[in-house]
There are 2 protein chains.
Amino acid sequence: MGLKRTVDPEAPAAARLLTAAEVLFARHGVEATSVRQITAMAQVNVASVNYHFGSKDDLAAAVFERTIARVSRERLSALDRMVAEAGEGVPDLAAVVSSFIEPYLGDGNEDQGVLMARFILMHRLTPDDATRRIVAEHLNPLATAYVAAFRLCCPDVPVGDLFWRYMLMVSSVVLTSAEDRDADRLATLSQGATSVADRSAARDALVGFAVAGLTARDAARFVPGTIEPEPDV
Amino acid sequence: MGLKRTVDPEAPAAARLLTAAEVLFARHGVEATSVRQITAMAQVNVASVNYHFGSKDDLAAAVFERTIARVSRERLSALDRMVAEAGEGVPDLAAVVSSFIEPYLGDGNEDQGVLMARFILMHRLTPDDATRRIVAEHLNPLATAYVAAFRLCCPDVPVGDLFWRYMLMVSSVVLTSAEDRDADRLATLSQGATSVADRSAARDALVGFAVAGLTARDAARFVPGTIEPEPDV
DNA sequence: CATTGATTGAAACATGGGTTTGAAACGCAC
DNA sequence: GTGCGTTTCAAACCCATGTTTCAATCAATG
């Protein structure tokens, strides 16, 4: 255990800064990590971040964009493959959802999921021009592709609902992935029976929850007090 | 529209600070609002917050605890009422879920939902002694009560899964409620068809998603590639 | 009316933040 | 080896933040 990744002492300063910032941003968030912490871990001078990247914010943008671009590319191609393999039929919804969730919980490169989750949280809580650019460039095409796949899998669900449900799926996985190990509210509530640290349990719970939520019948039916006539199932 | 709430110029300084901080914390978060902004809106001296509350963090704790305590009390009694009215039968799951979600989207007091959501985000992303105390005192009993109600409504779902699904429901509603109006990713994706600002649509989507997610059958079935034998339905 | 404790006020303090500076060190072409 | 653009370094800078100080003011009391 302990500190997973460290900094290659041979690599050039800019690269060292990127990986150091990646680790620290994932662990504590960008606001909570100072430039001096980053340069200390990267073993470079304080001025390096401004010299190589312009500003701390620009460094953050570079860090986030690097992993978001890569993971989005991977997911898009995986999604395309699934849809293509399905041919005339419909792709497996659970597999589609899994391909979305997996990168957030993956064992290789623990940080990438936390990093993406933290970015999405940043953008949705305090958006700015930098986050908007990255979202427009990498995350919006991804979202559109997944909603399109959901339309194939769930032809009975109104498209407007699918956008909502996509957002709710994202919310679930993002918060699960970004949660601090010290909080682990789930472990507290379940008295240790489960924990967010249990990646396998997290995957199962998230996929099950999202698939059920995505395929739910018309949401308006659930207004409290409404009598539900049994539909033609 | 415009600024909904302002500060009663007759109220004592401590109360004025509380309401001003409530508004600003909901709007920008506690980190992003300075003591000087608060005292300016409250029209009191900068030193007041330290004099009356000890520190900015203590003021924040007071602000959050006030509304969290009140809303949790209301929800607990509503839940008790539902369970009692159900008697030997099971309470209506959609109604139970609605009673949890409603306070986050309520029309009266726009800020209370955002405030609670922001607090939960704070605790799960960067927990500290202050948030832990409030969670233990007010939120854990609430969570336990709701999970207990869920056990009544969904006797077929393993209890461990119910804890997970409770957490995922909370994640969905919290992120929906705390989202900045300027981000509104949903409006972007749906090209304006829907928006997080549409409280009615939000309620329907959230309740539908959560109810379906909570009642989903065994999550492990959704591992990709697994062949699903049709269960005895 | 004088006294006392609580509150307010303007100003200063201390600290940590991101950033800038200008000289030194380096690398490499000529 | 000389020159020159690039990179590194220690130090300083600037500023916003939370907090403290201490005198002035207020409100109630005896």
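Just so you know, these numbers come straight off a predicted model, no measurement behind them. (Residues numbered from 1 in each chain as written. Chains lettered and ligands numbered in written order. Predicted model: local features only at pLDDT ≥ 70, side-chain atom pairs only at ≥ 80, totals over all residues.)

### Some details on the overall build of chain A
The cut-off we apply is this: Helix and strand definitions follow DSSP, with helices as H or I runs of at least four residues and strands as E runs of at least two, each counted in order from the N terminus. Three exposure classes are used. Buried residues have 20 or more other C-beta atoms within 10 Å of their own C-beta, exposed residues have 12 or fewer, and partly exposed residues fall in between, all C-beta atoms being placed from the backbone. In this description, any two residues whose backbone-derived C-beta atoms lie within 7 Å of each other are considered to be in contact.
Looking only at helices and strands, one finds 10 helices and 0 strands in chain A. Helices and strands in chain A line up, N terminus first, as α-α-α-α-α-α-α-α-α-α. Within chain A, the proportion of its 233 residues that are buried is 43%. Relative to all contacts within chain A whose residues are 6 or more apart in sequence, the contacts with residues 24 or more apart total 63%.

### Things to note about the interface of chain A and chain B
Keep this limit in mind: Under the scheme applied here, ten amino acids are nonpolar (Ala, Val, Leu, Ile, Met, Phe, Trp, Tyr, Cys and Pro), four are charged (Asp, Glu, Lys and Arg), and all others, including Gly, are polar.
Each partner contributes to the interface: chain A provides 51 residues, whereas chain B provides 52 residues. If you list the elements that add at least two residues to the side of chain A that touches chain B, you get helix 5 (93-105), helix 6 (110-125), helix 7 (129-153), helix 8 (159-178), helix 9 (185-189) and helix 10 (199-215) of chain A. Ranked by residues supplied to the side of chain A that touches chain B, first place goes to helix 8 of chain A with 12 residues. Its residues assigned to classes, the side of chain A that touches chain B shows 27 nonpolar, 14 polar and 10 charged.

### Topic: the protein's contact with DNA strand C
Where we set the bar: The C-beta atom of each residue is placed using the backbone, and any residue whose C-beta lies within 6 Å of a molecule or strand is treated as near it.
Residues in contact with DNA strand C amount to 17 residues; listed here are only the nearest, S34, A47, S55 and K56 of chain A together with A13 of chain B. Mapped by element, the contributors of at least two residues to the surface near DNA strand C are helix 2 (35-42), helix 3 (47-53) and helix 4 (56-86) of chain A together with helix 3 (48-53) of chain B.

### Topic: the nonpolar core
Using the following cut-off: The nonpolar core criterion groups buried Ala, Val, Leu, Ile, Met, Phe, Trp, Tyr and Cys residues into a set whenever they are joined through C-beta atoms within 7 Å.
Membership of the largest hydrophobic core comes to 138 residues, with the highest contact counts inside it found for V97, Y166 and L206 of chain A together with V97, Y166 and L206 of chain B. For V97 of chain A, the contacting residues outside a window of four places in its chain are V207, A210 and V211 of chain A.

### A word on the domain arrangement of chain A
Residue and element names in this part refer to chain A. Note the threshold: Domain limits in this description derive from either an automatic procedure or a database domain assignment.
By the assigned domains, chain A splits into domain 1 (12-54) and domain 2 (64-218). Computed from C-alpha coordinates alone, the two centres of domain 1 and domain 2 are separated by 28 Å. Residue-level contacts link 6 residues of domain 1 with 5 residues of domain 2. By residue class, the composition of the side of domain 1 that touches domain 2 is 4 nonpolar, 1 polar and 1 charged.

### Brief notes about the environment of S48 of chain A
All names here are of chain A. Its location among the elements puts S48 in helix 3. Here S48 falls in the partly exposed class, since 18 other C-beta atoms lie within 10 Å of it. Along the backbone, S48 and A13 are 35 residues apart, and their C-alpha atoms lie at a distance of 7.5 Å. With sequence-adjacent residues up to four places away left out, S48 is seen in contact with A13, L17 and T39.

### Describing the relation of the copies chain A and chain B
Under the convention used in this document: Superposing copies: least-squares fit, C-alpha atoms only, residues required to have pLDDT of at least 70 in both.
Laying chain A over chain B is done by rotating through 180° and shifting 0.0 Å along the axis; what remains is an RMSD of 0.0 Å. Taken together, the rotation and translation relating the two chain copies correspond to the operation of a two-fold axis. Comparing interface residues between copies, 100% of those in chain A also sit at the interface in chain B, which points to an isologous, same-surface contact.

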